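# Remarks on the overall topology
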Amino acid sequence: MNNVLTSVRKAVQNLPGLHWADEDAKDDWNYEDDPHIKEIHRSIDIVNNKDAPLSKQIEALRCIGHASFSGGFEAAGIAGELIPQLLKIVKKPYTTQPLKVQILMSLSEICHRYQNNKMIARDLGATSILLQVAGNISQPRAARWACYLLTILVVDNIAMLREINEYPYVSEILESIINISWLGWPDNYALRILELSGFQSSNQEAIKNRPEQFISKLHIKINSLVDVQVK
């Protein structure tokens, strides 16, 4: 059996165009040729180019989000390195709404399936940043996407749910956006976060005692929105 495997490996290595001097070279070849990773690196260069037009930066952020979501754990890990930079931009008061919205959309994809990226965002103060964005109803698109990203982050993350629950005036912040139009969205995510945080009397005790049951209900509705452009 070992002889057969050795023969197969030699045959593959001798195929035209494939010349791997060692295992490291083979790994480098696989890594560099991954189209998702290539797209992320190319787009990161555009985002970091201060001379790039805003429209180009927004398009690059869109590409990073999509490539991260569809490219697997390695691509998501590389995109996750941008999380500190993106949260800083969202936090700045003079960031335009179109740029802020695209960052929130991309972060939703970067964090959607990857627990490590969720924890990075939480450790960087995402709860506070996103609730501040959600409370600014003068930018309703950004507020809606902030609520949606919060629902992504609380899935399988009970600690962040409790962090939201303890945030000052969180119920007032979320109630301020519940009544704006959510037309075109699969759910009112401000209302969902409010319920999950235990501020509706019908759910308060149950959420407090078994929050994981309520979080699990978000999975289907969250999955339905990823990669959808909502106005």
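Below, the structure is looked at part by part. Every chain is numbered independently, its residues counted from 1 as its sequence is written. A pLDDT threshold of at least 70 governs which residues receive local features in this predicted model, and a stricter bar of 80 or more applies before side-chain atom pairs are shown or counted, although totals over entire chains, interfaces and linings include all residues. Working from all heavy atoms in the structure, the side-chain values ignore hydrogens and water.

## Observations regarding the overall build of the protein chain
Where we set the bar: Elements are defined by DSSP. Helices are runs of H or I of four residues or more, strands are runs of E of two residues or more, and each kind is numbered from the N terminus. Burial classification: accessible surface area is computed with a 1.4 Å probe over protein chains only, and a residue below 20% of its type maximum counts as buried, one above 50% as exposed, and the rest as partly exposed. Two residues qualify as a contact provided that any one of their heavy atoms is within 4.5 Å of a heavy atom in the partner residue. A 1.4 Å probe and the Shrake-Rupley method give the accessible areas. Residues count as covered only by the protein chains that appear here.
Across its full length, the protein chain carries 16 helices and zero strands. Expressed as a percentage of its 231 residues, the buried residues of the protein chain come to 46%. For the protein chain, the share of sequence-separated contacts (at least 6 apart) that also reach a separation of at least 24 residues comes to 69%. Carbon together with sulfur atoms contributes 54% to the accessible area of the protein chain, which is approximately 12400 Å² in total.

## Notes on the side chain of Asp 34
Operational definition: The charge count treats Lys and Arg as positive and Asp and Glu as negative. His and the chain ends do not count. Salt bridge, as used here: a side-chain nitrogen of Lys or Arg that lies within 4 Å of a carboxyl oxygen of Asp or Glu. Identification of polar contacts relies on pairs of N or O atoms within 3.5 Å, with a donor-acceptor requirement for protein atoms, meaning one able to donate a hydrogen and the other able to accept it, and with residues adjacent in sequence counted only if both atoms are side-chain atoms.
Along the chain, Asp 34 turns up in the loop between α2 (23-32) and α3 (35-47). Lacking a salt bridge, the buried Asp 34 has Lys 38 as its closest oppositely charged neighbour, with an N-O distance of 9.1 Å. A distance of 2.9 Å separates a polar side-chain atom of Asp 34 from the backbone nitrogen of His 36.

## Let's talk about the packing of helix α10 (residues 140-154) against helix α11 (residues 158-165)
The condition that has to hold: Axis definition: a line fitted to C-alpha atoms, limited for helices to the stretch in contact. Angles are taken between N-to-C directions and run from 0 to 180 degrees. When an angle is under 35 degrees it counts as roughly parallel; over 145 it counts as roughly antiparallel; between 65 and 115 it counts as roughly perpendicular; any other value is oblique.
With their axes 8 Å apart at the nearest point, α10 and α11 run at an angle of 135 degrees to one another. In terms of orientation, α10 lies oblique with respect to α11. Along its contact with α10, which presents Leu 150, Leu 153 and Val 154, the element α11 presents Ile 158, Met 160, Leu 161 and Ile 164.

## What about the pattern of salt bridges?
Under the definition given, this model contains five salt bridges. The salt bridge partner of Glu 39 is Arg 42, with a shortest N-O separation of 2.7 Å. One end of the pair is Glu 39 and the other is Arg 42, both in helix α3 and three residues apart, which spans about a single turn. Taking relative accessible area as the criterion, Arg 42 reaches 40% and is therefore assigned partly exposed. The network of salt bridges with common partners includes Asp 187, Arg 192 and Glu 195.

## Describing the environment of Ala 134
Tracing the chain through its elements places Ala 134 in helix α9 (residues 126-134). The exposure class of Ala 134 is buried, given its relative accessible area of 0%. Considered as a pair, Ala 134 and Ile 177 are 43 residues apart in the sequence and their alpha carbons are 7.1 Å apart. Not counting the four nearest positions on each side in its chain, Ala 134 is found in contact with Ala 143, Ala 146, Cys 147, Ile 173 and Ile 177.

## Here's the deal with the packing of α3 against helix α5 (residues 72-80)
Condition: Note on residue classes: Ala, Val, Leu, Ile, Met, Phe, Trp, Tyr, Cys and Pro are nonpolar, Asp, Glu, Lys and Arg are charged, and everything else, Gly too, is polar.
With their axes 9 Å apart at the nearest point, α3 and α5 run at an angle of 10 degrees to one another. By the criterion of interaxial angle, the relationship of α3 to α5 is roughly parallel. Here His 36, Ile 37, Ile 40 and His 41 of α3 lie close against α5, whose contacting residues are Glu 74, Ala 75, Ile 78 and Ala 79. Of the residues in the contact of α3 with α5, the class split is five nonpolar, two polar and one charged.

## A few points about the nonpolar core
The criterion, for reference: In this text, buried Ala, Val, Leu, Ile, Met, Phe, Trp, Tyr and Cys residues form a nonpolar core when linked through side-chain atoms within 4.5 Å.
In terms of nonpolar packing, the biggest core is built from 60 residues, with Leu 104, Leu 130, Cys 147, Leu 153 and Trp 182 touching the most fellow members. If sequence neighbours within four positions are ignored, Trp 182 has contacts with Arg 144, Cys 147, Ile 177, Asp 187, Asn 188, Tyr 189 and Ala 190.

## Thoughts on unusual backbone geometry
One non-glycine residue, Tyr 169, lies in the positive phi region at around 60 degrees. You can see Tyr 169 is positioned in the loop between α11 and α12 (170-178). Since its relative accessible area comes to 63%, Tyr 169 is described here as exposed.

## What to know about the side chain of Asn 157
Inspection of the secondary structure puts Asn 157 in the loop between α10 and α11. Given the relative accessible area of 3%, Asn 157 is considered buried. Beyond its immediate sequence surroundings of up to four residues, Asn 157 is in contact with Gln 115, Met 119 and Arg 122.

## Considerations on helix α4 (residues 54-70)
Worth spelling out the cut-off: What a helix should span is 1.5 Å times the count of its residues minus one.
Between its terminal C-alpha atoms α4 stretches 25 Å, which fits the 24 Å expected from 17 residues at 1.5 Å a residue. Every buried residue of α4 is accounted for by Gln 57, Ile 58, Ala 60, Leu 61, Cys 63, Ile 64, Gly 65, His 66, Ala 67, Ser 68 and Phe 69. For α4, the secondary structure elements touched by its buried residues are α3, α5, α6 (83-91) and α7 (97-111).

The quantities given are spatial measurements derived from coordinates; they are silent on function.
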